[in-house]
Structure formats: C-alpha cells, structure tokens
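Topology and contacts: notes
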Amino acid sequence: MNMKFPFFILFFFLTLNSFGQKPNVILIYADDLGYGDLSCYGAKAIKTPNIDKLAKLGMKFTKGYSTSATCTPSRYSLLTGRYAFRRNDTGIAAGNASALIKGGQQSVASVFGKAGYQSAVVGKWHLGLGGPEGPNWNGKISNGPLDIGFNYAFLIPATGDRVPCVYVENDRVVNLDPNDPIQVNYVNKIGQWPTGKENPDLLKMKHSHGHDNTILNGVGRIGYMTGGTAALWKDEDIAQRITDKAKQFITKNSKNPFFLFFSTHEIHVPRVPHSKFLGKSGMGNRGDAILQFDDSVGQLMQVLDSLQISSNTMVILTSDNGPVVDDGYHDGSKENIGKHKPTGGLRGGKYSAFEAGTRVPFIVRHTSIKAGEVSNALVSQVDFLATMAAMTNQSYEIASASDSQNQLKTWLGVDSKGRSHIIEQSGTLGIIQGNWKYIKPNKGPAYNFQVEIEYGNDEEDQLYDLNRDPFETYNLAKSVPIKLAELKNLLQNELLKK
Ligand code: NG6
Ligand code: CA
C-alpha cells in the first residue's frame, strides 16, 4: 500500500480543521538552555513541569537544532530564514552594535503581518539596533523590531551582562530622564561609576572571566555606561517583568491572530533569580534560573487557558544555543551542579562545534499534534520563516530567506522526514546529513572565553557517525573517506550558494 496517500489526506484534514481559524503562535526562545536541562529531555535533578506539559501535549524533537552555538547568529537565522554564516559580521553582537536586520528587511514578523497577525517581541534582542552609528539611546531608536514587522517590542537590547542595562519599549528607552542621558562606551571607561576591575569589593556576584567593567546592581558588566539611572533594570525582576509584558500582549490580542516571540533572558548570565526561586533548585543560580523560566512558561499557558485560546495557539519552545555552566560569573552553578548534565551527555556546549553547541530542546505544541509524540527528524530553527509562511498561507521573498524550508508537516508530526541536512555555525562550521556529521578544520582557538567547554576546533577534518557514536568520540575522517568527501562537498556547495 502506498503510505503517502493516507498521510496526505490526514494532513489535508488537519490543516483544514485546525487552521480554519488562523492559529496564534508563541515562540518561547530560551537563552543557553541545554539539551539535557529539562525533565522532559531526561533531566533528573531538576523538574520543569510546565515545559514537560508542553511536550506531553505536543511533539518533542530529539534532533532539533539552533543554527549556531551563540546567540546573535541563531537569532538572525531564526528571524530571517537565512544562515547567519552567509554574512561575515554575525559573531556575538556588542551591546552598542547597529542593527543586523535593517529596517524594511523581511522577517518572520513581516510575513505574519501580511497574514493579518499582530506581532510582538518581548525579551532579549541581541541583533543590534539603529543605523551604522549604532542605537541612539537618548532618542528614537531606528532599525529596531518595529521596522522589520513587529507591532510591539519590549526589549533587553543585547544581553543581561552587556550595557546599557535598560529596557527598550518599541523604539525608546523605558523611564529615561532626559536630564540624565545614557552614555555607553565599549572601549574606554566613561563617567564615574565603579567598575568590577577597580572596585571588586562592591560586587554582590564576582566575575570569573571578563565582566569587570561598569558595576550595575552589584554585578560587573561588559562595557561601560553612565547616566540613565532611573531607567536601569533590576536583574531580579527581569523574568517577571517580561512575562507580564507578554501576558498583556496576549490578553490584548486574544480576539485576533497574534505572533509572540517570547525571548526570555533565562538562563543566560548574569543569573540573578528572584528571591522566589533563589536556592530552590539546590543547583545554584543556573538551576534556579531554569525554575524561573519554567514558571514563566506556566504563566503564559495559564493566560491562554483563561482566555480559552489554548486550542488555537501553537507553542514552540526551543533555545538559541547549548549550555554553559560558568559563563563568566561565580554564581554557585559549577559547585552545585551535582549529577546534572546540562548537555544531556552530548559533547561540547555553548560555543562548540560538537553537538551540545546547537542541538537543543525543540518542542511544538498544537491541538493537531498527537499528544506525547516524539520525532527523530532533523529540524532546524532556520525553517521557522518558511514554515510559518506555509501555515498562514503567505508567499514570501525567497531570496532573503533562501535557507528556510517549509517543514510544517514535520513540525506537526504528519511527516517524519525532516531536513536532509543542517549546518551548524560555531567557531567553524559543521554539517549533518542523516547520521553523519562533518566539522570543517579551523586553526587556533575559536573564542578566548575561559569556559570549560571543548570548542570542537581542530586543524584536521572531523567526521562522526552520530548513530553509532552520538558523543563524537571517534573521528572517522581517515577511515571513511567516501563519506568525508560527500559531506565536504555538500558543505562546499552550501557555501557557494548566494
Ligand atoms: C561572551 C561573554 C558571555 C556571554 C556571551 C554571549 C565574557 C567572558 N563572556 O563574550 O558571558 O555574554 O558573550 O552569549 O565576556 S550569547 O548567548 O548571547 O551568545
Ligand atoms: Ca545564548
């Protein structure tokens, strides 16, 4: 019997029934959450009941990937549908970087906009803001989310550890006193505020590496700032602040289709959890931040339930890159990790070319998905744009989103095929096709961060059979030359694409 036929029919009815009404979409994007950090992905030392419930009601992918082992390039690919490595300027963006996605460029939000959705981004941005001169913190900030299709934005402009430590709502810094303008400098100290380097006695959390510039809220940051005192955030309150903003957006738009990019700060450094969660995991601040994240997810799901829109809301949960335990602060996470394995046992971590760099939790919940499904299909965040375009019946400009594939059937569990191959960006590039993975040679250290993570860099070709050797311990480059040549070629062809 031809199995394709019934699947096709099923898919037809699923889309007809479930998407008769345009489904809302919430993309929950965690920061630095590892493959093994959730109880639904096997963690034993920590419980994430709200996220587990998403997995229980939807589809859990075992081979879901961010496009990069760091934040900025992953977010760029997610929103544009194009691999960030195709341009040369998508490393970790500085806190005063200009916008990587310029105003007027296509993004997933502009695609949703064409379909009549209201779109919001709430939380971490880290894609730069403003024109070539960077963001104007004291006025109207150009080239932000509102200029690429979002209708509402409430942002942590870069990361929690980068200045300026202020929120941006739509295109302005929140609560800025014009008589106390913000000044930012990423090279030299500016103003009189103490720094971690000069006044370590003033720190409530010590840095282990970097993070010794301006001290704000007792935490040393990357970069120097002064001014904007009334606008400074309090790290302890960030999670609830952005969760509240997300809840308000959902409530306001409960009667029309919406897309919410909930880009949480959890569990990135500095991890300064609210007292409600502090010490609750027994695993240090990192574990507490995971609990805080799970709580935010629970709150969002509760709002959907109370507005009775859960069944018409697709929820996707994933992470921008893999895990790191000490990412530059002494926050008790290393000492208290116990038996917990943030990578779920995969090799590497954040920044790494090995699997833990980019293989991340990836959950899709929608009423059309059979509850509790698990898929081993290869899926990537770069497909978000084309997949959402397909779901909302929109055409889009293919040239600027050329890496994005419509994987709706896979994401909904109608098809188990997934992508034929994916590319992973780190200090180098890797490519996975089926069970084979190739890592391109790269000289020298990929990054200079003193993290206890193997970057996966090597001057020689690396080839791994992820089925037989999921932990990437046996380099088969020399023993399976045919596969090596095949994957090298495949990557080379991808690199030649415009
Ligand atoms: C690094 C920071 C790290 C983190 C990372 C970006 C140091 C020593 N390390 O420069 O703490 O902020 O950048 O992380 O400063 S990401 O998830 O946003 O890519
Ligand atoms: Ca990250």
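These lines cover the structure that appears in this document, whether it is placed above or below. (Residues numbered from 1 in each chain as written. Chains lettered and ligands numbered in written order. Predicted model: local features only at pLDDT ≥ 70, side-chain atom pairs only at ≥ 80, totals over all residues. Heavy atoms only, no water.)

**Focus on the pairing of strand 1 (residues 24–30)**
The element strand 1 is extensively covered by neighbouring structure, given that 7 of its 7 residues are classed as buried. Burial of the side chains of strand 1 extends over both faces: Asn24, Ile26, Ile28 and Ala30 are buried on one face and Val25, Leu27 and Tyr29 on the other. Note: strand 1 against strand 12 (residues 313–319), 7 bridges, orientation parallel. Bridge assignment links Ala30 to a residue of strand 12, and that residue is Ser319. Both strand 1 and strand 11 (residues 258–263) contribute to a ladder of 4 bridges, which runs parallel. Its bridge partner lying in strand 11, Ile28 is registered against Phe262. (Buried < 20%, exposed > 50% of the residue type's maximum accessible area, 1.4 Å probe, protein only. Helix = DSSP H or I, 4+ residues; strand = E, 2+ residues; numbered from the N terminus. Pairing = 2+ DSSP bridges.)

**Things to note about unusual backbone geometry**
Here the bond from Val163 into Pro164 is cis, since omega is 0°, no more than 30 degrees from zero. Tracing the backbone through its elements, the reader meets Pro164 in the loop between strand 4 (152–156) and strand 5 (168–169). Of note, the bond from Glu266 into Ile267 is cis; its omega dihedral lies within 30 degrees of zero at 5°. Locating Ile267 in the fold gives a position in the loop between strand 11 and helix 6 (284–306). You will see that Asn170, though not glycine, has its phi angle at about 55°, which is positive. Among the structural elements, Asn170 can be located in the loop between strand 5 and strand 6 (172–173). The phi dihedral of Asn393 is positive, around 60°, even though this residue is not glycine. Among the secondary structure elements, Asn393 is positioned in the loop between helix 7 (384–391) and helix 8 (408–411). Residue class for Asn393 comes out exposed when judged on its relative accessible area of 70%.

**Examining the pattern of salt bridges**
Scanning the model with the defined rule gives 30 salt bridges in all. A salt bridge links Lys334 to Glu452, with the shortest nitrogen-to-oxygen separation between them at 3.0 Å. Residue Lys334 is located in the loop between strand 12 and strand 13 (362–365), and its partner Glu452 is located in the loop between strand 17 (436–439) and strand 18 (462–465); the two are separated by 118 residues in the primary sequence. The exposure class of Lys334 is partly exposed, given its relative accessible area of 43%. The shortest N-O distance in the salt bridge between Arg359 and Glu355 comes to 3.1 Å. (Salt bridge = Lys/Arg side-chain N within 4 Å of Asp/Glu carboxyl O.)

**Notes on the coordination of the calcium ion (ligand 2)**
In the first shell of the calcium ion (ligand 2), the protein supplies Asp31 (OD), Asp32 (OD), Asp320 (OD), Asp320 (OD) and Asn321 (OD1), at 2.2 to 2.7 Å from the metal. One way to put it: the 6 donor atoms around the calcium ion (ligand 2) meet at angles of 50 to 172°, and that makes the site irregular. Binding-site remark: the calcium ion (ligand 2) is held by donors from one chain whose sequence spacing is D-D-x287-D-N. Here the residue Asp32 occupies a position in the loop between strand 1 and helix 2 (49–57), and Asp320 occupies one in the loop between strand 12 and strand 13, the gap between them amounting to 288 residues. By the burial criterion, Asp32 is buried, and Asp320 matches it. (Donors = N, O, S within 2.8 Å, 3.2 Å for Na, K, Ca; no water. Tetrahedral: all angles 85-135°; square planar, octahedral: opposite > 155°, others 65-115°.)

**Describing the packing of aromatic side chains**
In the structure shown here, the tally under the stated rule is 16 aromatic pairs. Summarising the aromatic geometry, the rings of Phe249 and Phe258 are spaced 5.8 Å apart at their centres and angled 85° between planes, so their arrangement reads as edge-to-face. The class for Phe249 is buried, based on a relative accessible area of 6%. On the basis of relative accessibility, which here comes to 0%, the residue Phe258 falls in the buried class. (Phe/Tyr/Trp six-rings, centres within 6.5 Å; stacked < 30°, edge-to-face > 60°.)

**Comments concerning the sheet that holds strand 11**
Within the open sheet, the 10 strands sit side by side as 6-5-4-3-11-1-12-13-2-14. Their pairing is mixed. Single-partner strands in this sheet number two, and they are strand 6 and strand 14 (373–380). The sheet contact formed by strand 3 (residues 118–124) and strand 11 spans 6 bridges and is parallel. Within strand 11, the position partnered with Val121 by the bridge is Phe261. Against the sheet, helix 2 makes contact with strand 2 (59–65), strand 12 and strand 13, and its axis sits at roughly 65° relative to strand 13, the strand it touches most. (Contact = heavy atoms within 4.5 Å. Axes fitted to C-alpha atoms, helices over the stretch in contact; angles between N-to-C directions.)

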